[in-house]
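As a plain string of letters, each chain reads:
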Amino acid sequence: MIAPENSQTPKILIIGGGASGLNLATRLGKTFGKKKSAEITLVDENLSHMWKPSLHEFAAGTKGGDEEISFLEHSNRNHYSFRLGRFSGVDVANKEVILDPVNDRNEIPLAPMRRLPFDYLVIAIGSRSNDFGCNGVADHCLFLDTPKQAKILQTEILNLCLRLQTGALGTDTSQVKICIIGGGATGVELAAELKEATEQLARHGLHKLLDPESVHISLIEASPKLVGHLSEEISQKVAARLQDLNIDLRLSSRVCEVTDSAVFFEDGIDIDAHLVIWAAGIKAPPLLAQLSVLETGSLGRLKLKPTLQTTAHDMIFVMGDCAEYIDPSTGSPLPPRAQVAAQQAVFLERQFRRLFARKSLLQFTYIDRGSLVALSNSSAVGALMGKAFGTFTIEGWLARRAYRYLHFAHEASVQGISRATLRSLMGHAMKRIRPRLKLH
Ligand SMILES: Cc1cc2nc3c(=O)[nH]c(=O)nc-3n(C[C@H](O)[C@H](O)[C@H](O)COP(=O)(O)OP(=O)(O)OC[C@H]3O[C@@H](n4cnc5c(N)ncnc54)[C@H](O)[C@@H]3O)c2cc1C
């Protein structure tokens with residue numbers, strides 16, 4: 001039995017303040033932290049939270065950084081504690097996590113190496129890009145896993161366009177060539193957003209000096225189909241929209257090597273590229289495979305029971321992208337999606353309520369409500385699912401509204417409905433007074 005001893009205030013430690021971790025910390029703070037019936041602590045290696053599904057918009061410069069949520073401020077309002085630190089291990093015998101130091105950009109420590117105690121641990125550290133061992137990817141590609149990487153990407157793209165405009169890219173070069181490898185939702189969303197952003201850049205940012213067609217974007221996918229998890233009909237609609245945007249689609253094209261100036265394919269073809277972005281799949285953070293005390297499965301994700309407890313230790317729970325939850329209805333692991341992360345956070349709050357009430361734990365059931373892919377600022381396409389209306393395809397402006405609602409629902413769960421509504425209204429107002437694109 002893992003219920004807490006009566007005499008002590010149980011300590012719940014959540015590692016990772018992303019889509020699932022921040023949601024759970026907020027809920028547990030309100031449920032237990034406020035009454036002081038449990039101590040809730042959130043650890044993250046960053047000081048702020050950013051909604052990961054918006055990273056492609058930050059990378060394209062169509063969104064600014066004002067949507068970040070400060071953990072220090074948020075924890076004060078929501079009755080939990082925040083600790084800055086990089087999770088690197090678990091000492092199960094002493095019920096402590098080990099945190100590696102976090103330094104500032106001058107390599108001066110902000111938080112030293114230390115240990116934090118727990119009675120219950122929830123691991124929610126998300127995922128990373130998976131290069132599948134492809135030659136040159138680690139050295140020559142940019143990735144879109146973190147806000148820092150999104151910022152680097154935004155700067156690199158702006159710099160390339162400036163170089164083209166000023167002639168610094170070479171007098172014989174008339175186009176900036178960007179390759180995105182991976183035709184899943186991330187690659188598709190990034191390609192569409194970048195295309196729209198670079199056209200805006202040409203028209204408004206680098207006024208009249210850059211032809212809208214001077215940024216050439218290729219989207220490369222190894223399989224014959226884009227957004228493989230969605231239906232053939234939706235995949236074709238996505239492909240048609242990307243072709244309308246003049247994106248060079250290369251399906252059934254398996255990359256075997258990336259260098260500093262080209263992408264090479266298995267069939268012997270190669271294409272030149274000034275910038276290559278790798279978005280071809282994910283894996284769990286490699287440190288999880290090094291934790292000998294926990295069991296890992298495919299893609300290095302932590303194995304768990306239907307209760308979301310790890311297979312190795314009942315007091316350690318896992319959720320989100322780094323969890324390998326095998327869905328009993330399909331026999332396959334759940335996909336790495338914000339929808340799964342949110343449902344698991346809601347479920348774990350209920351689970352802790354039951355645990356502290358000494359009731360038996362429940363089994364998690366995932367409800368797939370469909371999937372939407374954003375195709376630039378004004379459009380999206382996807383399928384929605386519901387008991388009452390079955391599955392139906394949705395596209396265009398309405399789909400884009402539904403896609404935006406996903407972000408709003410996340411904001412509402414971590415900020416409350418009134419704050420989320422205010423932030424959304426302010427976001428609309430700011431769009432009117434700010435440049436359409438971030439140009440620095
Ligand atoms: C560009 C892009 C677009 C996407 N679009 C969609 C979409 O449209 N719909 C959808 O459902 N999903 C989408 N996703 C996937 C979705 O973002 C993830 O499934 C979701 O964020 C997973 O939530 P999580 O809590 O597991 O991890 P994350 O949200 O990634 O959070 C992980 C947290 O852990 C912290 N962390 C990591 N390592 C450590 C460590 N060692 N120590 C301390 N802290 C650590 C990080 O700083 C971060 O705060 C998209 C992803 C990307 C990259």
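Residues numbered from 1 in each chain as written. Predicted model: local features only at pLDDT ≥ 70, side-chain atom pairs only at ≥ 80, totals over all residues. Heavy atoms only, no water.

Trainee: Explain the domain arrangement of the protein chain to me, using residue names and the numbers behind them.
Mentor: When its domains are assigned, the protein chain resolves into domain 1 (11-127 + 284-356), domain 2 (137-278) and domain 3 (370-429). The centre of domain 1, based on its C-alpha atoms, is set 24 Å off from the matching centre of domain 3. Taken together, the contact between domain 1 and domain 3 spans 22 residues of the former and 15 residues of the latter. Roughly 1300 Å² of surface becomes buried between domain 1 and domain 3 when both sides are summed, with 41% attributable to carbon and sulfur atoms. Per-residue buried area on domain 1 facing domain 3 is highest for W51, I69 and R77; these three make up 36% of the total on that side. Put simply, domain 1 and domain 3 have two salt bridges between them. Measuring nitrogen to oxygen at the nearest pair gives 3.6 Å for the salt bridge that ties R404 to E57. There are five residue pairs in polar contact (both at pLDDT 80 or more) connecting domain 1 and domain 3. (Domains from an automatic or database assignment. Contact = heavy atoms within 4.5 Å. Buried area = accessible area lost by both parts, 1.4 Å probe. Salt bridge = Lys/Arg side-chain N within 4 Å of Asp/Glu carboxyl O. Polar contact = N/O pair within 3.5 Å; in protein donor to acceptor, adjacent residues only side chain to side chain.)

Trainee: A description of the site of the ligand should follow, citing residues and the corresponding values.
Mentor: If you check the shell around the ligand, you find 29 residues, and the closest are S20, D44, F87, D321 and A338. Measuring from an oxygen atom of the ligand, one finds a side-chain N or O atom of N46 at 3.2 Å. At the level of secondary structure, the elements contributing two or more residues to the shell around the ligand comprise β6 (86-91), α6 (185-205) and α8 (338-356). The element best represented in the shell around the ligand is α8, accounting for three residues. (Near = heavy atom within 4 Å. Helix = DSSP H or I, 4+ residues; strand = E, 2+ residues; numbered from the N terminus.)

Trainee: Talk me through the nonpolar core; I want residue IDs and the actual numbers.
Mentor: Ranked by size, the top nonpolar core spans 59 residues in total, and within it F87, I123 and F352 carry the most contacts. Contacts of F87, omitting those with residues within four sequence positions, involve I15, V97, I98, L99, I123, I125, L287, L288 and L291. (Core = buried A, V, L, I, M, F, W, Y, C linked by side-chain atoms within 4.5 Å. Buried < 20%, exposed > 50% of the residue type's maximum accessible area, 1.4 Å probe, protein only.)

Trainee: So what about the pattern of salt bridges? Which residues, and what values?
Mentor: Within the structure shown, the criterion is met by 15 salt bridges. Its salt-bridge partner being R250, residue D248 comes within 2.9 Å of it at the nearest N-O pair. Looking at D248, the relative accessible area reads 19%, which means it is buried. Residue classification places R250 among the partly exposed residues on the basis of a relative accessible area of 26%. A single salt-bridge network, built from bridges that share partners, covers E57, K63, E67, R400 and R404.

Trainee: Tell me about the packing of aromatic side chains, residues and numbers included.
Mentor: This structure, assessed with the given rule, holds nine aromatic pairs. Geometrically, the ring pair formed by F347 and F364 is edge-to-face, given 5.3 Å between the ring centres and 75° between the ring planes. Here the residue F347 occupies a position in helix α8, and F364 occupies one in the loop between α8 and β25 (370-374), the gap between them amounting to 17 residues. Per residue, the accessibility class of F347 equals that of F364, and both read buried. Measuring from ring centre to ring centre gives 6.1 Å for F352 and F356, while their planes differ by 50°; the resulting arrangement is tilted. Remark: F356 and F352 occur in helix α8; sequence separation between them is four residues, near one turn of the helix. For the pair F352 and F356, a shared accessibility class is recorded, and that class is buried. Among the aromatic residues, those joined into a ring-pair cluster are F32, Y120, F317, F352 and F356. (Phe/Tyr/Trp six-rings, centres within 6.5 Å; stacked < 30°, edge-to-face > 60°.)

Trainee: Pulling in residues and values, what's your account of the side chain of S127?
Mentor: Looking at the element boundaries, S127 is found in the loop between β11 (120-123) and β12 (128-129). One polar contact links S127 to D321, side chain to side chain, over a distance of 2.8 Å. Setting aside residues no more than four positions away along its own chain, S127 makes contact with K52, I282, K283, P285 and D321.

Trainee: So what about the pairing of strand β2 (residues 39-44)? Which residues, and what values?
Mentor: When you tally the buried positions in β2, you get five out of six residues, the bulk of the element. Pairing of strand β1 (residues 11-15) with β2 involves five bridges; the strand directions are parallel. Opposite L13, over in β2, you have T41 as the bridge partner. This β-α-β element, β1 to helix α1 (residues 21-33) to β2, shows right-handed connectivity. Strand direction decides the pairing type here: β2 and strand β5 (residues 81-84), joined by four bridges, are parallel. (Pairing = 2+ DSSP bridges. Right-handed = clockwise from strand over helix to strand, strands pointing away.)

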